[in-house]
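Residues per chain are reported as follows:
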Amino acid sequence: MISDTNLSQRSMAMQKALITSLRLKDVLEAATQHLSELPGGAKVAIFLADNEGLAFKLMSGRGYSETSMEQLRIVPFTAESLLKEVAQKRSSASAGQGKPAPDISHTIMQRENSKTQIALPLIASKLMVGALLLDLSDPMAVAQMGMLQEIADIVALAVANAILFGRSEFERERLSTLYKTSCALNSSSLRIAEVLQIAADTVLVLSNTSDCMIMLNDPEKENTLKVTAFKGFDGRGLDRLDLSLNNTITGRAISSGKPEYLPDASSHAHGLPLASDGSVFGSALALPMVHDGKSLGAILLFSIEQRAFHREQIELLESLVAQVSTALSSALTHESVTAQAIEDAHTGLYNRWHFEESLDKEIERSQRHKRDLAIMLIDIDHLSHVNEYFGQDKGDEAIKHAAAIIKETLRDIDIPCRTAGAQFGIILPETPLQNANDVADRLRQKIRGKTAPGIGMVTVSIGLAACPYNASDAKTLLQAAEQALDVAKYEGRDRVKVAEVGQQNQGPIAWEELATKARLAVVGERQAKMKHVINAKEEFSPWMRSAPTLFKKKPE
């Protein structure tokens, strides 16, 4: 049974424990432990007050069932519970011993089989920092309400001091992070990929979340954005994202030039991506990127928790985005001048140099974040026949035809490149092998099903390899995809083949033996074509058969 004596002893022990640390986590754990050891046992929940979100957030708990803990995770100030009275009157409240309990409190008391529930405000310097909830088996505990409030005041003071210390540490860390970011951006001001990398890394640190994306204006589509960098998402979750500026969170942020915050994003889930586990995000924040009055795009942040972003965080992120916008504007200006160096002028896709450079970077990124990566090598079937029977111009049109379909089919985050005359290489970040196989076959069928004007049906063969399924470095991964492409041609073309390098053999012959046979067959076929081209029209090459001579003999 709870008495003045044991409460006084508990109060003194708690004071000693709480003054040993200024870390909020330690303070909350110490308070929870001591309160749970009250005579007869107590179930304890300590909340912090979110005055912007108008709710109590559970920070520490002990003794409650998982169902009750989930129900108490976020309790709005207006919810029918004892905490409502604490929020409105800033005074203690209790239920039990004939005193009825509000809906939520009644449900928890029944579930936890408690005789009394007591809610106490945590007030320090006239500011309510949170609340304390106790479920007790002692029906007479209400008689000790005054002493329990004194204990709550001790907890409130310790929590307030820990919060102030945390904020000072946060401010110091903020200035340090912004300074480091500024230095990093200045050293990378002409390299857009590095600017995006630094921006994504920093916003995740400052926002204390794990999911973000950076979207830039799409030069090819009016009032539309394109995803240029992201972290935390599964590639499949991005399919739901609305890239338009029409009544979207990014559109409103860019239109107003101010952050757009959705504290409860679950009610605006349409047009937003899904978390990596397929769940709906709890809150979302869009920060517009503007430089010299010109909109560049936006940075989006997501959290599975509702009301995850606070005013101080948003102000801090605005400072960061201002720096990022300046660096990004310089990088975009520089890249617009140098874009021709990485673009294939014939198809509008990236060139082989960009493919090889991007592959190294994407493999490094996939390994660092433990994400899947796949590459496709695509070859137009029998393009030499098109060149021979329809002319070189039609062969060029066949290449453009396939490139256009590739470009319109892939996601914005994919990297399509023309790596050789009739060959394309595609990097698929954040894509498991099975998904990549589906994409490859869908692309093959789409090219096959769309007639090329003046040519007819065009088909392609596709070799597919994945990291880490086949290899963990660019050279081996590319070799695996080339082997798969050779096998696709060897087995009849117009098909997708997945490389089996590094895997247990599933076929009648080893993969290496099959790949070698396919390589020899492809090379032999190419040599036969060359011989056919040389011997096809003998009447146009008599000089190749006649004996060499400097002067033609005069007729007699």
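Since we're looking at a predicted model, the values are computed, not measured. (Residues numbered from 1 in each chain as written. Predicted model: local features only at pLDDT ≥ 70, side-chain atom pairs only at ≥ 80, totals over all residues. Heavy atoms only, no water.)

Draft legend 1. Region of the structure containing the sheet that holds strand E16 (residues 496-498). Strand order in the open sheet formed by 5 strands is E13-E14-E12-E15-E16, with mixed pairing between adjacent strands. Looking at strand neighbours, the two that pair on one side only are strand E13 (415-418) and E16, the edges of this open sheet. Along the sheet, successive strands turn relative to each other by an average axial angle of 20°, direction set aside. As paired elements, E13 and strand E14 (residues 423-429) share 4 bridges and run antiparallel to each other. Each bridged residue has a counterpart across the sheet, and for Arg418 the counterpart in E14 is Phe424. Of the strands in this sheet, strand E12 (373-380), E14, strand E15 (460-467) and E16 are in contact with helix H13 (residues 433-449), which crosses E15 at around 165°. (Pairing = 2+ DSSP bridges. Helix = DSSP H or I, 4+ residues; strand = E, 2+ residues; numbered from the N terminus. Axes fitted to C-alpha atoms, helices over the stretch in contact; angles between N-to-C directions. Contact = heavy atoms within 4.5 Å.)

Draft legend 2. Here's a closer look at the packing of helix H12 (residues 392-409) against H13. One can describe the packing of H12 onto H13 by two numbers: an axis separation of 10 Å at closest approach and a directional angle of 135°. Taken together, the axes of H12 and H13 lie oblique to each other. The handedness of the crossing between H12 and H13 is right-handed. The residues of H13 that touch H12, namely those facing His401, Ala402, Ile405, Ile406, Glu408 and Thr409, are Leu443, Lys446 and Ile447. Considered class by class, the residues forming the contact of H12 with H13 number 5 nonpolar, 2 polar and 2 charged. (Parallel < 35°, antiparallel > 145°, perpendicular 65-115°, else oblique. Left-handed = near helix turned anticlockwise from the far one by under 90°. Nonpolar A, V, L, I, M, F, W, Y, C, P; charged D, E, K, R; others polar.)

Draft legend 3. Seen up close, the pairing of strand E2 (residues 55-62). Direction of pairing for strand E1 (residues 42-50) relative to E2: antiparallel, over a ladder of 7 bridges. Looking across to E2, one finds that Asp50 is bridged to Ala55. In sequence, E1 turns back onto E2 through a hairpin of 4 residues, with Leu54 there showing a positive phi of about 55°. Of the strand pairs in this sheet, E2 and strand E3 (residues 74-76) are connected by 3 bridges, and their pairing is antiparallel. What sits directly across from Phe56, in E3, is Val75.

Draft legend 4. Looking closely at the packing of helix H10 (residues 352-368) against helix H14 (residues 474-490). One way to put it is that H10 packs onto H14 with a least axis distance of 10 Å and a crossing angle of 120°. Regarding the angle of H10 to H14, the classification is oblique. Crossing angle aside, the handedness with which H10 passes H14 is right-handed. Contacts from Arg352, Phe355, Leu359, Asp360 and Ile363 of H10 reach H14 at Ala474, Leu477 and Leu478. Here the residues of the contact of H10 with H14 sort into 6 nonpolar, no polar and 2 charged.

Draft legend 5. Region of interest: the nonpolar core. Counting residues in each nonpolar core, the largest one holds 33 residues, and the members touching the most others are Met376, Ile378, Ile380 and Phe424. Listing elements by their share of this core, those giving two or more residues are E12, helix H11 (383-390), H12, E14, H13, E15 and E16. Once residues lying within four places of it in the same chain are set aside, the contact partners of Ile380 are Ala398, Ile399, Ala402, Ala422, Phe424, Val458, Thr459 and Val460. Listed in part, the 32 residues of the second largest apolar core include Ile192, Leu206, Ile214 and Ala327. (Core = buried A, V, L, I, M, F, W, Y, C linked by side-chain atoms within 4.5 Å. Buried < 20%, exposed > 50% of the residue type's maximum accessible area, 1.4 Å probe, protein only.)

Draft legend 6. Spotlight on the packing of aromatic side chains. Enumeration over the complete set of coordinates arrives at 4 aromatic pairs. Both rings, one in Phe56 and one in Phe77, keep their centres 4.9 Å apart while their planes meet at 65°; by these two values the pair is edge-to-face. Of this pair, Phe56 sits in strand E2 while Phe77 is found in the loop between E3 and helix H4 (82-89), placing the two residues 21 residues apart along the sequence. Owing to a relative accessible area of 0%, Phe56 belongs among the buried residues under this scheme. With 6.1 Å between their ring centres and 70° between their planes, Tyr261 and Phe309 make a pair best called edge-to-face. Separated by 48 residues along the polypeptide, Tyr261 in strand E9 (residues 260-262) and Phe309 in the loop between strand E11 (294-303) and helix H9 (311-338) bring together distant segments of the chain. Owing to a relative accessible area of 24%, Tyr261 belongs among the partly exposed residues under this scheme. The structure contains a cluster of three or more aromatic residues connected by ring pairs, namely Phe47, Phe56 and Phe77. (Phe/Tyr/Trp six-rings, centres within 6.5 Å; stacked < 30°, edge-to-face > 60°.)

Draft legend 7. The side chain of Asp414, seen in detail. Turning to its location among the elements, Asp414 is positioned in the loop between H12 and E13. A distance of 2.7 Å separates polar atoms of two side chains, one belonging to Asp414 and the other to Arg411. The residues contacting Asp414, other than those within four sequence positions of it, are Ile427, Leu428 and Pro429. (Polar contact = N/O pair within 3.5 Å; in protein donor to acceptor, adjacent residues only side chain to side chain.)

Draft legend 8. Looking closely at unusual backbone geometry. Here the residue pair Cys467 and Pro468 is connected by a cis peptide bond, since its omega of 10° sits within 30 degrees of zero. Within the element layout of this structure, Pro468 appears in the loop between E15 and H14. The backbone of Arg307 sits at a positive phi, close to 55°, despite the residue not being glycine. Note that Arg307 resides in the loop between E11 and H9. Phi is positive for Asp494, close to 50°, though the residue is something other than glycine. With respect to the helices and strands, the residue Asp494 is situated in the loop between H14 and E16.

Draft legend 9. Spotlight on the sheet that holds strand E4 (residues 93-95). What the 6 strands build is an open sheet, ordered E3-E2-E1-E6-E5-E4; its pairing is antiparallel. Only two strands of the sheet have a single partner each, and these edge strands are E3 and E4. Ignoring which end each strand starts from, the neighbouring axes of this sheet average 25° apart. The strands touched by helix H2 (residues 24-36) are E1, E2 and strand E6 (127-136); relative to E1, the strand with the most contacts, the crossing angle is about 145°. This element, H4, spans E1, E2, E3, E4, strand E5 (116-124) and E6 of the sheet and lies at about 30° to E5.

Draft legend 10. Just the pattern of salt bridges, in detail. With the rule as written, the count across this model stands at 24 salt bridges. Note that Asp379 is salt-bridged to Lys489, the shortest N-O span being 3.4 Å. Of this pair, Asp379 sits in strand E12 while Lys489 sits in helix H14; the two residues are 110 residues apart in sequence, bridging distant segments of the chain. The same class applies to Asp379 as to Lys489, namely buried. (Salt bridge = Lys/Arg side-chain N within 4 Å of Asp/Glu carboxyl O.)

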